[in-house]
Amino acid sequence: FGEVGGLTSAEAVLRKMKETIIIHMAELVVLDRIATVRMVAEIFPSEHKVVLAALEPAPQQQHQFLRAVAQGEAQGDGADGGVSSVSMGGDGGVSTGASMGGLYNQLPFTLDSADLKLYVQLMAEYEPHEVYNYLSKHQHYPVEDCLALCRRHNITDAEAYLLERTGDVAAALKLTLSMVESTIEKLKLKLRHSKLNDLVTLGILPRPSFQPLSLSHKLNGSHNGSYNGSHGASSTSDP
């Protein structure tokens, strides 16, 4: 290979390819976030921070990229997704792995505390219902930072869990009770505005053992009765 500006032609091609990938990183994540993470593992094995910075203008894609890494989605051979595992990296970060036989048993980069805080922040914005599940199934994330994020986004179940992790059991219990009370109040409000049939469908009230007569049936019955009465009266008045 020849040299171009002090670089071999192969190095120059690789640098140009990296620049092009970075420019289109958000589009690549939209197309396939898992394939994109695997590509980054091959081409940017020690530069995932560069990739995250490139995705800053596209926070939804940044979230999807981090999700594929943090949740272990990029491990496995694609057939069964692999069984992911989580271990601490040397710098206190998290590296994700998969079951033996997977294509990517270990990514070449780890997510540090700042990366995990960013992931939880983005998850709180785009998938708030998933925050508790993630925090309760993983251990290696900045607890205090995540607690502040949960408070800011009003994710009370995750907040209660983190309070318990920090040892503040009383605050966790108080928050849990307030969640229960809030749920009960919402249910009461819904019941006040619910129709009888809705309550039966929801199983709150038992289904009646008999079906009441419809109004039209009642009216028809009364009409027939009045007709028969008048007809009978006219019959008796005939000589």
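Our subject is the structure listed above.
The paragraphs below set out a description of the structure included in this document. On a predicted model such as this, the values are computed, not experimentally measured, just so you know.

This part covers the nonpolar core. Core analysis: the biggest nonpolar cluster contains 43 residues, and Phe65, Val131, Tyr134, Leu135, Tyr141 and Leu162 have the highest contact counts within it. Counting residues per element, this core draws most heavily on helix H6 (residues 113-126), at six residues. In this structure leucine 162 touches Leu135, Tyr141, Val143, Cys146, Leu147 and Cys150, once residues within four positions along its chain are discounted.

So, on to the packing of aromatic side chains. Scanning the model with the defined rule gives three aromatic pairs in all. Their ring planes at 90° and their centres at 5.9 Å tell us that tyrosine 132 and tyrosine 161 sit as a pair that is edge-to-face. With a gap of 29 residues between them, tyrosine 132 in helix H7 (residues 131-137) and tyrosine 161 in helix H9 (residues 156-165) connect regions that are remote in the sequence. What makes tyrosine 161 buried here is its relative accessible area of 17%. These aromatic residues form a ring-pair network of at least three members: Tyr119, Tyr134 and Tyr141.

What follows concerns the packing of helix H8 (residues 143-152) against H9. At a minimum axis distance of 9 Å, the contact between H8 and H9 shows a crossing angle of 150°. On the basis of the axis angle, H8 is roughly antiparallel to H9. For H8 against H9, the interelement crossing comes out left-handed. Packed against H8, whose contacting residues are Val143, Cys146, Leu147, Cys150 and Arg151, the element H9 presents Ala158, Glu159, Leu162, Leu163 and Arg165 at the interface. Split into classes, the residues belonging to the contact of H8 with H9 amount to seven nonpolar, no polar and three charged.

In this fold, aspartate 115 is placed in helix H6. Relative accessible area serves as the criterion here: at 3%, aspartate 115 is assigned to the buried category. Separated by 2.8 Å, the side chains of aspartate 115 and lysine 49 make a polar contact. Excluding its chain neighbours within four sequence positions, the residues that come into contact with aspartate 115 are His48, Lys49, Leu52, Leu66 and Thr110.

Before going further, it helps to spend a moment on the pattern of salt bridges. Following the criterion strictly, the structure yields seven salt bridges and no others. In this structure, the salt-bridge partner of glutamate 47 is lysine 18, at a minimum N-O distance of 3.0 Å. Residue glutamate 47 is located in the loop between helix H3 (33-43) and helix H4 (48-54), and its partner lysine 18 is located in helix H1 (residues 9-23); the two are separated by 29 residues in the primary sequence. When the shortest N-O distance is used, the salt bridge between lysine 49 and aspartate 115 registers 2.8 Å. Of this pair, lysine 49 sits in helix H4 while aspartate 115 sits in helix H6, and the two are 66 residues apart along the sequence. Salt bridges linked by common partners bring Arg33, Arg67, Glu73 and Glu127 together as one network.

Bringing unusual backbone geometry into the picture now. Although it is not a glycine, asparagine 154 sits at a positive phi angle of roughly 60°. Counting through the fold element by element, asparagine 154 comes out in the loop between H8 and H9. Asparagine 154 sits in the exposed class, given a relative accessible area of 59%.

All chains considered together, the criterion is met by zero disulfides. Free of any disulfide, cysteine 146 has its nearest cysteine sulfur in cysteine 150, 6.6 Å distant.

As a further point, take the environment of glutamate 125. Within the secondary structure, glutamate 125 is located in helix H6. Considering only alpha carbons, one finds glutamate 125 and histidine 63, 62 residues apart in sequence, at a separation of 9.5 Å.

Of all the positions in H8, only Val143, Cys146, Leu147, Leu149 and Cys150 are classed as buried. Within H8, the buried residues cover an arc of 160° as seen down the axis, which keeps them to one side. Residues of H8 that are exposed and angled more than 90 degrees away from the buried face: Glu144 and Arg152. Contact partners of the buried residues in H8: H6, H7 and H9. Once H8 finishes, asparagine 154 follows within two positions and takes phi at roughly 60°, a positive value.

Cut-offs and rules
- Residues numbered from 1 in each chain as written.
- Predicted model: local features only at pLDDT ≥ 70, side-chain atom pairs only at ≥ 80, totals over all residues.
- Heavy atoms only, no water.
- Core = buried A, V, L, I, M, F, W, Y, C linked by side-chain atoms within 4.5 Å.
- Buried < 20%, exposed > 50% of the residue type's maximum accessible area, 1.4 Å probe, protein only.
- Helix = DSSP H or I, 4+ residues; strand = E, 2+ residues; numbered from the N terminus.
- Contact = heavy atoms within 4.5 Å.
- Phe/Tyr/Trp six-rings, centres within 6.5 Å; stacked < 30°, edge-to-face > 60°.
- Axes fitted to C-alpha atoms, helices over the stretch in contact; angles between N-to-C directions.
- Parallel < 35°, antiparallel > 145°, perpendicular 65-115°, else oblique.
- Left-handed = near helix turned anticlockwise from the far one by under 90°.
- Nonpolar A, V, L, I, M, F, W, Y, C, P; charged D, E, K, R; others polar.
- Polar contact = N/O pair within 3.5 Å; in protein donor to acceptor, adjacent residues only side chain to side chain.
- Salt bridge = Lys/Arg side-chain N within 4 Å of Asp/Glu carboxyl O.
- Disulfide = S-S within 2.5 Å.
- Arc of directions from axis to C-beta.

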